[in-house]
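Fold and contact review
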Amino acid sequence: MDFPFSDALKRLPEQFFAGLVHKVGLLEKEGHDIIKLGQGNPDLPTPQHIVEKLKEASDNPAYHKYSPFRGFDFLKQAVCDFYDREYGVKLDPTTEVAIMFGSKTGLVEISQCLLNPGDLALLPDPGYPDYMSGIELAQARTSLMPLTAENDFLPDYDAISDSDLEEAKLMFLNYPNNPTAATADQKFFDKTVELAKEHKFCVLHDFAYGALGFDGEKPQSFLQSEGSKEVGIEMYTLSKTYNMAGWRIAFAVGNASVIESINLIQDHVYVSLFGGMQEAAAYALTTDQTCVEELVHTYESRRDAFIGHLRAIGWEVPEPKGTFFVWLPVPRGYTSEEFADLLLEKAHVAVAPGNGFGEYGEGYVRAGLLDTEERLLEAAMRIEKLGIFSKA
Ligand SMILES: Cc1ncc(COP(=O)(O)O)c(C=O)c1O
């Protein structure tokens, strides 16, 4: 028997990138060597000292039982120490930290926590697609905030209508930004806090790429802005900072009432993560951070090699300031999807078409710096051979 899905499930947006994965799979089956820059999965392993800590902690029988529902105190304290050390932000581990099963989970949950059917969320376009999944499950509405090159891929708050500002209950932000690779400064976040206070909405800042800033610029935490805890929270994942995407561990920090709402929904849906993992995560956050510096250096040098070659063949591409993505303007005469298809079929280079991240992503493709420098250069050379670009 086939049981019909609930209306809530039917509202979920289509997984846009499933189609891309399928096309790549077909070409690989035919024996082609595809350079896969379409997804956002870190290619390097978790640093060995963190893996060793998990192995050691796995032997502890205390962790073989259910963990405390809201996570171990030692992990929440480690999160507070991390925020104090990295950003000078003081947090209360008992009320201002929630442990989560990766930030994807939290980003979907937050809409269930704060939005009723018909409520309005302010959503960046282009943006990480899962924000929308949560909004749809909550039966809420969106007001899109276009991120354009003219505005350095920051939302233009003056362009949001007064009625949308009045109605908004939640605003999503994400810097360093996926997919545009833009960063935000303190002035922008200060302005955001002011706006949120005035219009009484909650700000959710997704800080997934918080560790990945280039050219010596450390990305700004939303919580570094005065008054930010009154109006919002920040979500931070270990997936990108420590190449722990498969481990599924993240946390939310900030406004105590929002943190309580996340803890409350999680009390009903989960028991907390395996204790050994929590110990390894606490260790990752509080021990020597050389591995993070090395990772940033690796992505930066991949960026320089890849961008350098693309520019040399005549493709005018902006330099990413953070994340491990490059947001590439599509040459005239192609849509995002047509150009991504061309790169895949003729150059065997997979990139993500920008329109998959929203309407304002049209005109771009996103490439991940998630292969070796040699393979990224090989990708650039394959693109050069298409003869689309002309050298100045
Ligand atoms: C902007 C952004 N937020 C959140 C996530 C989710 O990260 P995780 O669920 O691994 O914590 C990703 C993953 O690609 C991302 O790009």
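Structural data are supplied above this passage.
Below is a summary of the structure that appears in this document. (Residues numbered from 1 in each chain as written. Predicted model: local features only at pLDDT ≥ 70, side-chain atom pairs only at ≥ 80, totals over all residues. Heavy atoms only, no water.)

Turning to the sheet that holds strand 9 (residues 325-329), a few remarks are in order. Pairing within the open sheet is antiparallel, and its three strands lie in the order 9-12-11. Of all strands in the sheet, those with a lone pairing partner are strand 9 and strand 11 (352-353), marking the two edges. Examined bridge by bridge, strand 9 and strand 12 (residues 364-368) share five bridges and lie antiparallel to one another. The residue of strand 12 that forms the bridge with V326 is A367. Packing of helix 14 (residues 336-347) onto the sheet brings it into contact with strand 11 and strand 12, and relative to strand 12 it is tilted by some 40 degrees. (Pairing = 2+ DSSP bridges. Helix = DSSP H or I, 4+ residues; strand = E, 2+ residues; numbered from the N terminus. Contact = heavy atoms within 4.5 Å. Axes fitted to C-alpha atoms, helices over the stretch in contact; angles between N-to-C directions.)

Okay, the packing of aromatic side chains next. Taken as a whole and assessed by the stated rule, the structure comprises 30 aromatic pairs. Seen in terms of ring centroids, Y236 and F251 are 5.5 Å apart; in terms of plane orientation they differ by 10 degrees. Their pairing is stacked. Here Y236, found in strand 7 (residues 232-237), pairs with F251, found in strand 8 (residues 250-254); they are 15 residues apart in sequence, far enough to count as distant. Residue F251 is classed as buried on the basis of its relative accessible area, which comes to 2%. For the pair F324 and F325, a centre-to-centre distance of 4.9 Å together with 70 degrees between the ring planes defines the contact as edge-to-face. Members of the aromatic cluster, connected to one another through ring pairs, are F82, Y83, Y87, F207, Y236 and F251. (Phe/Tyr/Trp six-rings, centres within 6.5 Å; stacked < 30°, edge-to-face > 60°. Buried < 20%, exposed > 50% of the residue type's maximum accessible area, 1.4 Å probe, protein only.)

A separate point is the site of the ligand. The immediate surroundings of the ligand are formed by 14 residues, with S103, D206, T237, S239 and R248 found nearest. N178 has a polar side-chain atom sitting 2.8 Å from an oxygen atom of the ligand. S239 places a polar side-chain atom, nitrogen or oxygen, 2.6 Å from an oxygen atom of the ligand. Notes on the ligand: free accessible area 400 Å², of which the protein chains cover 92%. Among the residues making up the shell around the ligand, the classes are represented as four nonpolar, six polar and four charged. (Near = heavy atom within 4 Å. Polar contact = N/O pair within 3.5 Å; in protein donor to acceptor, adjacent residues only side chain to side chain. Areas by Shrake-Rupley, 256 points an atom, 1.4 Å probe, with all protein chains shown as cover. Nonpolar A, V, L, I, M, F, W, Y, C, P; charged D, E, K, R; others polar.)

The subject of this paragraph is a negative patch on the surface. Taken together, D162, E166, D185, D190, E194, E198 and E226 make up a surface patch of like negative charges. Secondary structure elements with two or more residues in the negative patch: helix 7 (162-167) and helix 8 (186-199). Among the elements that take part in the negative patch, helix 8 stands out by supplying three residues, more than any other. On the secondary structure map, E198 appears in helix 8. When its relative accessible area of 56% is taken as the criterion, E198 is described as exposed. (Patch = residues over 30% accessible without salt bridge, like charges linked within 9 Å, V, L, I, M, F, W, Y side chains within 5 Å. Salt bridge = Lys/Arg side-chain N within 4 Å of Asp/Glu carboxyl O. Lys, Arg positive; Asp, Glu negative; His and termini not counted. Charge placed at Lys NZ, Arg CZ, Asp CG, Glu CD.)

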